[in-house]
Amino acid sequence: MLTKLFNYSIRALKKQKTYVLINILGLAIGLACSLIIILFINYELSFDQFNVNKDRLYRVILNGKIGGQEVTVTSTASPIGPAMHDEFPEVENFLRMNSWGETIIRHNDDRFIEDFFMEADSSFFEFFSIPLLQGNIKTVLNEPHTAVLSESTANKIFGEVNPVNQLLSIGNDTTYYKITGIYADIPETSHFKANAIGSFMTNRRANDNQWLANSFSTYVLLYPNTDPGTVDDRFASLIEKHVGPEIVRFIGISIQEFLAQGNKYNYFLQKLTDIHLDPSIEQDFKPANDPKYLWIFGSIAVLIIIIASINFMNLSTAQAGKRAKEVGIKKVSGSTRGLLIAQFLIETIILSLLALLLTIFITQMSLPYFNKLLGIHLSMGYFSNWFTIPALIIGATIIGLIAGSYPAFYLSAFNPYMVLKGMRVGNRKGFKLRSVLVVLQFSISIILIVGTLIMFRQINFMLNKDLGFDKEHVLVLREASTLGKKVNSFKDEINQIPGVLSVAASTAVPGHNNNNNGYMVKGRPEDSFLLQTNWVDYDYLETYGLELASGRFFDKKFATDKEACVVNENAVHHYSFDDPFSVRFLNPPDDENEEMKYMPIIGVVHDFHFESLKSDIAPHIMRFKNEDNNWGYISIKLSPNAGSETIEAIERTWESFANNDPMQYFFMDKDFDRLYKEEQQNGQLAIVFSILAIFIASLGLYGLTSFTVQQRTKEIGVRKTFGASLNNLWFLVSKEIMILVLISTAIAWPLIYWVADNWLQNYHYRIHLRVIDFLTGFIIALIIALATTSYRTIKTALVNPSESLRYE
C-alpha cells in the first residue's frame, strides 16, 4: 500500500512542475537560512563549553559606584585570588590573568608581533581544558620569566626546533623568558585568546597587597556542589577586612561611611559559560556579544520557515480546482479520505526531502560568505556527529508535514458528487485562507524591511555622529613604553616629517579607556568622585581637535600646570562644580608618609565621546603626563594629503628609536568604528535574511498569481472583448494584492515599532523613529508585490480574447 501511495505521489508531482519547483526552491532557501542561523546561534552558545570544570569555574566581578558613576568590570586587585583561597572554604583554587594585547617577541634577530600575549598563574592549565603538549601542568608557569607558547606560535618562531628551554625576549622586559611548555591552540569558542602565556609571577604586582589597584582578571574554582551564592555572601566581610583600610588610607573615611554616601564596592561571581553573552560587564578579553541578537536572528529563522510554509499552503490550496477531479475520481473508485490524506502528505514529504538536498547545497555554498562576514568558522560537520543527518531529515520532514497538513485535509474533504458535476469547490473558503496567509507573509516581510532600515539608520548614526574630537587622519602608535624616556625626542623627530601636523603622547586614546580613578575634592569631604583618567602632554588638545569651553589647556609657559588638570563639561555638571576653577582635587600619595597633593582645574573642554555611543559621556579628567610616565600611546595627526611615504618615514624613525622593533599602529577612525563591529555584522546579516525572506514570499506570490490568473483567464477575455483596457485588467487583479498589503502593513507597523523601540534602548545616543521608516517598508513591500504579480497578469491580459474565451 505504501509503495502504491508513493508511486501515485510521484506521478502527481510530475504533473505539477511549476508548483513543485516553486515549493522546492522556496522551502530550500528557507531551510538554508534557518540552518545557517541555527549554526550561528549554536556557535555563540558553545563558548567555554569545552572546559571540563565549566560548572565549577567562576570569574570575580567588581561592581563599584562612586559619585553616581557606576562600573561593573572584570578588573580586580592582585591579592583577591589568594585571599579567597585562604579565607573561603568553598574555593579550591584561584587563577589571575593579565592581557597585554599586542606584544613584540624577539628570537635572535627575528621579531614577531603577537596579538594576544597574556600573563597567568601556574593554575591556568588546571582551570581550562587546553592540552599541554609539552611541559608539566603544575610547574610550567610557577617561576618568574617563564612562558609557554601555543603550538602555532611555536612553529612560527622556532620551526622544527624544539622550543622548550629556549630563551625569548618579550615586550620591554630586559630579562629573557625561558620557554617551559607548548600547548594546543586555544579553541575559537573561548572567551579569551592567548598565543603566548607568561608567568604571572613576573608581574611586579603579583605579590602586592594593594586592594584598590584593580587591573587583573581573577577566576576561582569552587569545590563540587558548592553554591556560588554562598561565596557571594562572604564578599562583604572580605571587603571590610581588606578594602576598608585602603579606603581609609586614600580617601580618609571608613568603608561604612563610604557606602553610606551612596557609593558601592562589591564583588560577585560570574559563571564561566555566561561570560560570552553578558555585555553588561566590561570585558578585559574578547568583547561579549548581546544575547538579544540571538533572539532576533532566532525569530528571523522562525519567520522565514513560516513564510516558506505559507508558500506551500497557498500553492496547494490554490490548486484545489485542478486536483478536485482527481480527488473525486479516486473517492468514487473506493479511496478513503485517510488514503488521500496519506498520499498528499507523502507528496509533501517527498518535496521537503528534495528541498533538503538543495538546502545542503545552498548552505555549503553560503557558509564561506557568512564565515568571512562574521570572522568565525561555522561548519555543518555532517559526519562528525551521528545525529546530524538524521536530525536534518527529521527536521525537514516535520516542517513539510506541518506545511502540508492543512492542504492534505482540505483537498481530501471534497465531495465527489459536486466535483464530478463540474461544480466549483472550496473557492470561497480557499480564497479566505490564502488571503490570510498572504497577509501573514507580507506582515513578516514588512517587519523585516522596516527593522533592517531602522538598524542601519542607527549604525549609520553611530558611525557618522560628531564625536567632539577629530578621528580622521590620526595615526596611533601602541607601546609608547618601548621608547622609555625618549618620547619627547621621538616627537621632535616625527614633527620634522613632511605630512605630520602634530604629535601627542597619552596613556589612553578614544576607544581605549584604561583608567577609572576615584578622587576627593577639597572642601567636600563627604563626597567621592569617579572619573575616567588620562595622562596627556601639551599637544593632546591640538592633535585630537578638542575644543575648550573655558580656561586653558596645559601650557609650557606655566610650570605649575604639571600639577594641574583639565576636565570635561560632564564632570563639571555631574559633580555640580559651580566654579570649576576653584576646585582642587586631592591626589592621594603613593607613600602614606608623603603629603596630600592638590590638583587645580585650569581648563574645561567640551564633551567628547571617549567610548562607544552605547554609553553616556562620563566625567573625564586629563592630568599632565611627564616622561617618567612613559606607557600608553603616541598619536600623530597627519595632513589629509599625507601618503604612504609619510608612514614609511614614521616607521623608519620608530625603528631607529626602538632598536628595530616593528611599529604597532592603527588609524583612529577605523579603530573607533570597531566599537560597532557587532552592529555592522548583524546589520549585514539582517539585510541578507530580509532579502531572502522577501524573495521566498515573492516566489509564493508569483505562483499564487499564476493560478489565480489561470482561473480568471476566461473572465479576462470577456472583459477585454467588451473594451477593458490593459490598465483596467491589471488593476482588476492587482487591487486584491494592494488591499492585502495594506492589511499587512496595519498589522506589521505596531509590532515593529515595539520591537525597534525596545532595541534602541540599548543605545544612550540613538535615532528617533520616523514615519518615513514605516512608509518606506510599506512602499517597498507594495512595489515587490505588484512587480511580482504584474508580469503574469499583463502576459495573460495581452492574450488574444478569442484564445482566452476558449480556455478551460
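Residues numbered from 1 in each chain as written. Predicted model: local features only at pLDDT ≥ 70, side-chain atom pairs only at ≥ 80, totals over all residues. Heavy atoms only, no water.

1. Description of the side chain of Ser 190
Step number 1: Of note, Ser 190 is situated in the loop between β9 (177-183) and β10 (196-199).
Step number 2: What Ser 190 contacts, discounting residues up to four positions off in sequence, is Phe 47, Asp 48, Phe 50 and Lys 286. (Helix = DSSP H or I, 4+ residues; strand = E, 2+ residues; numbered from the N terminus. Contact = heavy atoms within 4.5 Å.)

2. Some details on the packing of helix α3 (residues 80-87) against helix α6 (residues 228-250)
In helix packing, the relevant descriptors are the interaxial angle and the interaxial distance, both defined with respect to the helix axes.
Step number 1: Where α3 meets α6, the closest approach of the two axes is 11 Å, and the angle between their N-to-C directions is 115°. Here α3 lies roughly perpendicular to α6, going by the angle between them. Seen along the crossing, α3 lies across α6 with a hand that is right-handed. Facing Ile 80, Ala 83, Met 84 and Glu 87 of α3, the residues of α6 in contact are Val 231, Phe 235, Leu 238, Lys 241 and His 242.
Step number 2: Across the contact of α3 with α6, the residue classes tally to six nonpolar, one polar and two charged. (Axes fitted to C-alpha atoms, helices over the stretch in contact; angles between N-to-C directions. Parallel < 35°, antiparallel > 145°, perpendicular 65-115°, else oblique. Left-handed = near helix turned anticlockwise from the far one by under 90°. Nonpolar A, V, L, I, M, F, W, Y, C, P; charged D, E, K, R; others polar.)

3. A look at unusual backbone geometry
Step number 1: Unlike most non-glycine residues, Asn 108 shows phi in positive territory, near 55°.
Step number 2: With respect to the helices and strands, the residue Asn 108 is situated in the loop between β4 (91-107) and β5 (110-120).
Step number 3: The class for Asn 108 is exposed, based on a relative accessible area of 66%.
Step number 4: For Asn 225, which is not glycine, the phi dihedral falls at a positive 65°.
Step number 5: Residue placement: Asn 225 occurs in the loop between β11 (214-222) and α6.
Step number 6: Given the relative accessible area of 84%, Asn 225 is considered exposed. (Buried < 20%, exposed > 50% of the residue type's maximum accessible area, 1.4 Å probe, protein only.)

4. Here's the deal with the pairing of strand β15 (residues 516-521)
Step number 1: Strand direction decides the pairing type here: β15 and strand β16 (residues 529-536), joined by four bridges, are antiparallel. Each bridged residue has a counterpart across the sheet, and for Asn 516 the counterpart in β16 is Gln 532.
Step number 2: In the sheet, β15 pairs with strand β19 (residues 584-587) via two bridges, with the strands oriented antiparallel. Bridging across to β19, Val 521 finds its partner in Phe 585. (Pairing = 2+ DSSP bridges.)

5. Side note on α3
Step number 1: Buried within α3 are the following residues: Ile 80, Gly 81, Ala 83 and Met 84. An end-on view of α3 places all buried positions within 165° of arc, on one side of the element.
Step number 2: Looking at the packing, one finds that the buried side of α3 touches β1 (57-66), β3 (76-77), β4, β11, α6 and β12 (264-271). (Arc of directions from axis to C-beta.)

6. Regarding the packing of aromatic side chains
Step number 1: Under the criterion given, the structure shown has 38 aromatic pairs.
Step number 2: Ring centres of Phe 128 and Tyr 219 lie 5.7 Å apart, and the angle between their planes is 85°; this geometry places the pair in the edge-to-face category. Taken together, the residues span a long stretch of sequence, with Phe 128 in the loop between α4 (124-127) and β6 (132-134) and Tyr 219 in strand β11 at a distance of 91 residues. For the residue pair Phe 128 and Tyr 219, the accessibility class agrees, reading buried in each case.
Step number 3: Through a chain of ring-to-ring contacts, three or more aromatic side chains come together here, namely Phe 124, Phe 125, Phe 127, Phe 128, Tyr 183, Phe 192, Tyr 219 and Phe 285.
Step number 4: Here the guanidinium or amino end of Lys 465 rests over the ring plane of Tyr 765, the centre of that ring lying 5.3 Å away.
Step number 5: Above the ring of Tyr 598, the side-chain terminus of Lys 522 is found at 5.2 Å from the ring centroid. (Phe/Tyr/Trp six-rings, centres within 6.5 Å; stacked < 30°, edge-to-face > 60°. Lys NZ or Arg CZ within 6 Å of the ring centre and 35° of its normal.)

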